[in-house]
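# Structure assessment
This is what each chain is made of:
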Amino acid sequence: MESATAGRRTRAVRIGGVTVGGDAPVVVQSMCATRTIDVEQTVAQAHQLADAGAGIVRIALDSDKEIPALKEIRAQTRGITLSVDLQENYRVADRVAPHVDKIRYNPGHLHHIEKKKTVDQKVQWLVEVARDHDLAIRIGVNCGSIAPAFLQKYPGDQLNAIVESAAYHCDLMDRLSFTRFVVSLKDSDPQKVVEANRRFAERRPDVPIHLGVTEAGLPPDGIIKTRLAFEKLLAQGIGETIRVSLTLPNERKHEEVIVGHKIIDDVHAGKFISVPEFGKGLNIISCPSCSRVENEKFVELAQQVKELTEYATKHKITIAVMGCRVNGPGETDDADLGLWCGPTTVNLKKKDRKVGFFSYAEVLPRLRLELDRLIAEQATNH
Ligand code: SF4
């Protein structure tokens, strides 16, 4: 144990029947990737994840239309601790609250609705909802969706922006005397995840941390990326709950949980991976998909992108593949080439510039063309 945070002991936060932090062992959690309105599939996946050892199962929901389904999902998953991801619509919180044990809000998604209210007022309301319904809260900060106020305050410094944003929201909770909350600071880059969580843990040693590397992608690379971050942090006592985000078809989604438990066991046993060349060449980022995914072909597309780009593995290029139009456009901005899925077409981007919309079949040859061009440009610039 090497850091000032080693041996830290956070407060214990009760989430349904599960405790995160305090003396509790690290809790592995996961998220359903099924459509929330598809009750049968979502109930089956919640059980699949819980049976594999997930202590908490998260479901995404952002509209009133999905609430009857959530109510039914709750009825069929008694005994499973459920968290709901409010995504971009925090206003549904009071209607989902009776059916879950925890709500997750993203501080970067509070500004665009109900603009007349301040962020502080919105958080105060969320806390009242949580109190009224015996819920815990996760403040889920993400490098891909930083609140504009913090982006402006820390231009070009995403790390400081997410740490300060998380700390600000913790202060809000303190002012509201609400203690049943955890914090996550996520990015797709494992180094950034390590640094952001280290800084936050030093700043708020009392607050339990939910660890995650977003859009880690397909196994095995997605597992390596996740391990690189989690191993360092867990070995320093940082991380009271973890979620491994992998791009997997629904029938294999529980592998996220198995991988999570394996990482914890290996860290306890002092087993760490060594991959000195990892991250030096082609980097494929892809989301784990969720109820928002626009076409079931998304996971297959990510796999096809991986196979198509095998020839370019030595080139330092990042390709991002995202499952929906909500987070897809923003989360692909930093990639050299980005693809985000619509219902019938895939949008291809070069950095933040649109290349065009293509059918699921046509996008692959076009990606190959753009990748060849990029490799040729890199060769010319050297
Ligand atoms: S990019 Fe869209 S589909 Fe993928 S995990 Fe994020 S919200 Fe879900």
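Sequence positions are assigned chain by chain, starting from 1 and proceeding in written order. Restriction of local features to residues with pLDDT of at least 70 applies here, the model being predicted, together with a cutoff of 80 or more for giving and counting side-chain atom pairs; totals for whole chains, interfaces and linings are based on all residues.

### Topic: helix 8 (residues 221-235)
By definition, any uninterrupted DSSP run of H or I lasting at least four residues is a helix, any uninterrupted run of E lasting at least two residues is a strand, and each is numbered from the N terminus. An expected span of 1.5 Å times one less than the residue number is assigned to each helix. Along its 15 residues, helix 8 runs 21 Å from first to last C-alpha, staying within 8% of the 21 Å computed at 1.5 Å per residue. The largest bend in helix 8 comes to about 25°, at R227. Counted residue by residue, helix 8 has 12 buried out of 15 residues, so it is predominantly covered. The exposure scheme places C-beta atoms from the backbone and then counts, for each residue, the other C-beta atoms within 10 Å of its own, assigning buried at 20 or more, exposed at 12 or fewer, and partly exposed in between. Taken together, the buried positions of helix 8 are occupied by D221, G222, I223, K225, T226, R227, L228, A229, F230, K232, L233 and L234. By definition, residues are in contact whenever their C-beta atoms, placed on the basis of the backbone, come within 7 Å of each other. Buried-residue contacts for helix 8 involve helix 7 (190-203), strand 9 (210-212), strand 10 (241-243), helix 9 (255-268) and strand 11 (283-286). At the exit of helix 8 stands G237, carrying a positive phi of roughly 80°. The seven residues ending at a residue and the seven starting there each receive a fitted axis; the angle between those axes is the bend at that residue.

### Here we look at the pairing of strand 3 (residues 27-31)
Within strand 3, 5 of the 5 residues are buried, leaving the element largely enclosed by the surrounding structure. Here strand 3 shows two buried faces, one formed by V27, Q29 and M31 and the other by V28 and S30. Pairing analysis gives 3 bridges linking strand 3 to strand 10, with the strands arranged parallel. Counted as the bridge partner of Q29 is R243 from strand 10. Sheet topology note: the strand 3/strand 4 (residues 56-60) ladder contains 3 bridges and is parallel. In the sheet register, S30 faces strand 4, and the bridge partner there is V57. A strand pair is defined by DSSP finding two or more bridges across the two strands.

### Some thoughts on the site of the ligand
Neighbouring the ligand are C287, P288, S289, C290, R292, V293, M322, G323, C324, V326, N327 and G328. Polarity classes work like this: nonpolar for Ala, Val, Leu, Ile, Met, Phe, Trp, Tyr, Cys and Pro, charged for Asp, Glu, Lys and Arg, and polar for all others, with Gly in that last group. For the shell around the ligand, the class distribution of residues is 7 nonpolar, 4 polar and 1 charged. Whether a residue is near a molecule or strand depends on its C-beta atom, generated from backbone atoms, being within 6 Å of that molecule or strand.

### A short note on the environment of I56
As for its position among the elements, I56 is in strand 4. Considering only alpha carbons, one finds I56 and R243, 187 residues apart in sequence, at a separation of 9.6 Å. Those residues in contact with I56, other than ones at most four positions away along the chain, are I15, V18, V27, Q29, T81 and S83.

### As for the nonpolar core
Each nonpolar core consists of buried Ala, Val, Leu, Ile, Met, Phe, Trp, Tyr and Cys residues. Their C-beta atoms, within 7 Å, join them into a set. Counting residues in each nonpolar core, the largest one holds 107 residues, and the members touching the most others are V57, I59, I103, L126, I162 and V321. Here this core spans two domains, and each of domain 1 (13-268) and domain 2 (283-381) adds at least three residues to it. Where each domain starts and ends comes from a domain assignment, either automatic or drawn from a database.

### Observations regarding the sheet that holds strand 14 (residues 345-350)
Strand order in the open sheet made by the 5 strands is 11-12-13-14-15, with mixed pairing throughout. The sheet is open, and its two borders are formed by strand 11 and strand 15 (353-359), each paired with just one other strand. The mean inter-strand angle of the sheet, taken between neighbouring strand axes irrespective of direction, is 15°. In this analysis an axis means a line fitted to C-alpha atoms, helices contributing only their contacting stretch, and an angle means the value between N-to-C directions, from 0 to 180 degrees. Here helix 10 (residues 298-308) sits on the sheet in contact with strand 11, strand 12 (318-322), strand 13 (337-341) and strand 14, set at roughly 165° to strand 12.

### So, the environment of V267
With respect to the helices and strands, the residue V267 is situated in helix 9. For V267, a count of 19 C-beta atoms within 10 Å gives the class partly exposed. Sequence-wise, V267 and D101 are 166 residues apart; in three dimensions their C-alpha atoms are separated by 29 Å. Once residues lying within four places of it in the same chain are set aside, the contact partners of V267 are E231, L234 and A235.

### Quick word on helix 6 (residues 158-175)
Each α-helix winds once per 3.6 residues, and so residues spaced three or four apart point in a common direction. The terminal C-alpha atoms of helix 6 lie 26 Å apart, and with 18 residues this matches the ideal 26 Å at 1.5 Å per residue to within 8%. Tucked into the core, helix 6 has its buried residues touching helix 4 (119-132), strand 7 (136-142), helix 5 (148-153), strand 8 (181-186) and helix 7. Downstream of helix 6 by a residue or two, S177 has a phi angle that is positive, lying close to 55°.

### Regarding unusual backbone geometry
The residue after P219, namely P220, is reached through a cis peptide bond having omega 5°. Here P220 is to be found in the loop between strand 9 and helix 8. Even without being a glycine, D134 presents a positive backbone phi close to 60°. With respect to the element layout, D134 can be found in the loop between helix 4 and strand 7. The phi dihedral of E215 is positive, around 50°, even though this residue is not glycine. Checked against the element boundaries, E215 lands in the loop between strand 9 and helix 8.

### A look at the packing of helix 8 against helix 9
Across the interface, helix 8 lies against helix 9 with an axial gap of 10 Å and an inter-helix angle of 40°. Compared by their axis directions, helix 8 and helix 9 come out oblique. Where helix 8 crosses over helix 9, the handedness of that crossing is right-handed. Contacts between helix 8 and helix 9 involve I223, R227, F230, E231, L234 and A235 on the former and, on the latter, V259, I263, I264 and V267. A class-by-class count of the residues in the contact of helix 8 with helix 9 yields 8 nonpolar, no polar and 2 charged. We call two directions roughly parallel when the angle between them is under 35 degrees, roughly antiparallel when it is over 145, roughly perpendicular when it lies between 65 and 115, and oblique otherwise. Less than a right angle of anticlockwise turn of the near helix away from the far helix marks a crossing as left-handed, whereas a clockwise turn marks it as right-handed.

Distances and angles like these do not, on their own, reveal function.
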